[in-house]
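Structural characterization, general
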Amino acid sequence: MRNITASIATLLLFAGVASQGLAQGSGARNADRTASAEAFKKIAEVLRHPRCQNCHTVTEFPRQGDDRHRHHQMVVRGPSGRGTSAMLCSNCHQEKNSPDGLIPGAHNWHLAPLSMAWEQHKTDKALCESLKDRSLNGDKNVAALVHHMHTDPLVLWAWEPGTRKPPHISKEEFQALLKRWEKTGGACPTN
Amino acid sequence: MKYELNVNGQARTVDVDADIPLLWILRDVLGMTGTKFGCGMALCGACTVHLDGQPVRSCSTAVAAVGEKAITTIEAIGRTEVGQRVQRAWVAKQVPQCGYCQSGQIMAAAALLSATSSPSDTDIDQAMSGNVCRCGTYGRIREAIKVAARDTTTKGG
């Protein structure tokens, strides 16, 4: 009888400890999820900036300028996002900005594929979910997305855009936000 | 700094600053004035030349960016089969008025027909939209491109 009582007491003790651990774990995960979503909301401010969104269009053409007007000269997306026959992106957009800074340039200048269009997403939640959707984003997991946004020349161009305005969040802060987002689970905001 | 350029199949050496646009190398240094200055901002297409067969705006292409790519200018486009067809069509349809934009128009048209042998009106619109013409010869340009596309005179020759 005493052994049964001791066993029950032990079981209850472990259950209590486990429950407390679960609660603490759940609390930590919620805190991570919150921090992750908050980090993404700041990341989204960069993703929605014209320097990024002008090439992540849902249209058959790129956009230009802070007012995001249609790219002049009837430039079109073309079959591979690089323009068409005699009007390729590379006709004008070279490996780096023109010496006077007027014509943007970076390696491999082209439009993001239609599957990676962002401009139609009205909420940070929708933007995040689209960004993370591996059927749309070239099969990138969160780590690969973060790597892409750290290293792709077209992404990095946003902070060296010649005569244009860069995002208001610095490149260094953006990369720190990306790391934080990744480290806290790459969660999406709830709205 | 010295740059070795391949201009219309010839090796040309120029000693210039790295950021000088190719347009001024062609016109001022090499004396090849067929390529025109229109805007200096890649907006008009008058300065179009080919690098490895692809049209570029020479006014906005620094000489340092050319590297080993083969430069083709209006002076030599007639040595190519497609260039000959374009030039014949341009004459047949009496395309130019003042002529200032036409070097660029011909270079763009030759690139279009090299990529698309029978371009539709939409193909022509999209390929030629970067070349402007103050005289408004667009209708004749469109017709000449279609004539050039149908021209079989030098095919196989």
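Here the structure is a predicted model, which means the values were calculated and not measured.

With that settled, the discussion passes to the overall build of chain B. Of regular secondary structure, chain B possesses five helices and five strands. Element order for chain B, N to C, with α for helix and β for strand: β-β-α-β-β-β-α-α-α-α. Computed over the C-alpha atoms, the radius of gyration of chain B is 15 Å, within 12% of the 15 Å expected from 2.2 N^0.38 for a compact globule of 157 residues. With respect to the principal axes defined by its C-alpha atoms, chain B has extents near 45 × 35 × 25 Å. Considering chain B as a whole, with its 157 residues, one finds that 44% of them fall into the buried category. Look at the contacts in chain B between residues 6 or more apart in sequence, and 63% of them connect residues 24 or more apart.

Attention now goes to the sheet that holds strand E5 (residues 70–72) of chain B. All names here are of chain B. Read across the open sheet, the five strands follow the order E2-E1-E5-E3-E4; overall the sheet is mixed. Of all strands in the sheet, those with a lone pairing partner are strand E2 (10–15) and strand E4 (54–57), marking the two edges. Strand-to-strand, the axes of this sheet are offset by a mean angle of 40 degrees, without reference to chain direction. Here two bridges tie strand E3 (residues 48–51) to E5, and the two strands are oriented antiparallel to one another. Residue His50 lies in a different strand from E5, and its bridge partner there is Thr72. Together, E3 and E4 form the strand contacts of helix H3 (residues 102–115), whose direction differs from that of E3 by roughly 40 degrees.

All names here are of chain B. What the domain assignment lists for chain B is domain 1 (2–72) and domain 2 (77–150). Domain 1 and domain 2 are separated by 21 Å when their C-alpha centres are compared. The interface of domain 1 with domain 2 comprises 15 residues on the first partner and twelve residues on the second. If you list the elements that add at least two residues to the side of domain 1 that touches domain 2, you get E3 and E4. A per-element tally of the side of domain 1 that touches domain 2 places E3 first, with three residues.

Conventions and cut-offs
Along each chain, residues carry numbers from 1 onward, in the same order as the chain's sequence is written. As they are written, the chains are lettered A onward and the ligands numbered 1 onward, keeping that order. With pLDDT at 70 or above as the cut-off, local features in this predicted model cover only qualifying residues; side-chain atom pairs require 80 or more to be listed or tallied, and sums for whole chains, interfaces and linings still use all residues. By the criteria applied, helices consist of DSSP H or I runs no shorter than four residues and strands consist of E runs no shorter than two, each listed in order from the N terminus. Only C-alpha atoms enter the radius of gyration, while the globule expectation follows 2.2 Å times N to the 0.38, with N the number of residues. Partly exposed residues are those whose C-beta has more than 12 but fewer than 20 other C-beta atoms within 10 Å; 20 or more makes a residue buried and 12 or fewer makes it exposed, with C-beta atoms placed from the backbone. Whether two residues are in contact is decided by their C-beta atoms, placed from the backbone, lying within 7 Å. Only when DSSP finds a minimum of two bridges between them are two strands counted as paired. Axis definition: a line fitted to C-alpha atoms, limited for helices to the stretch in contact. Angles are taken between N-to-C directions and run from 0 to 180 degrees. Domain ranges listed in this record stem from an automatic or a database domain assignment.

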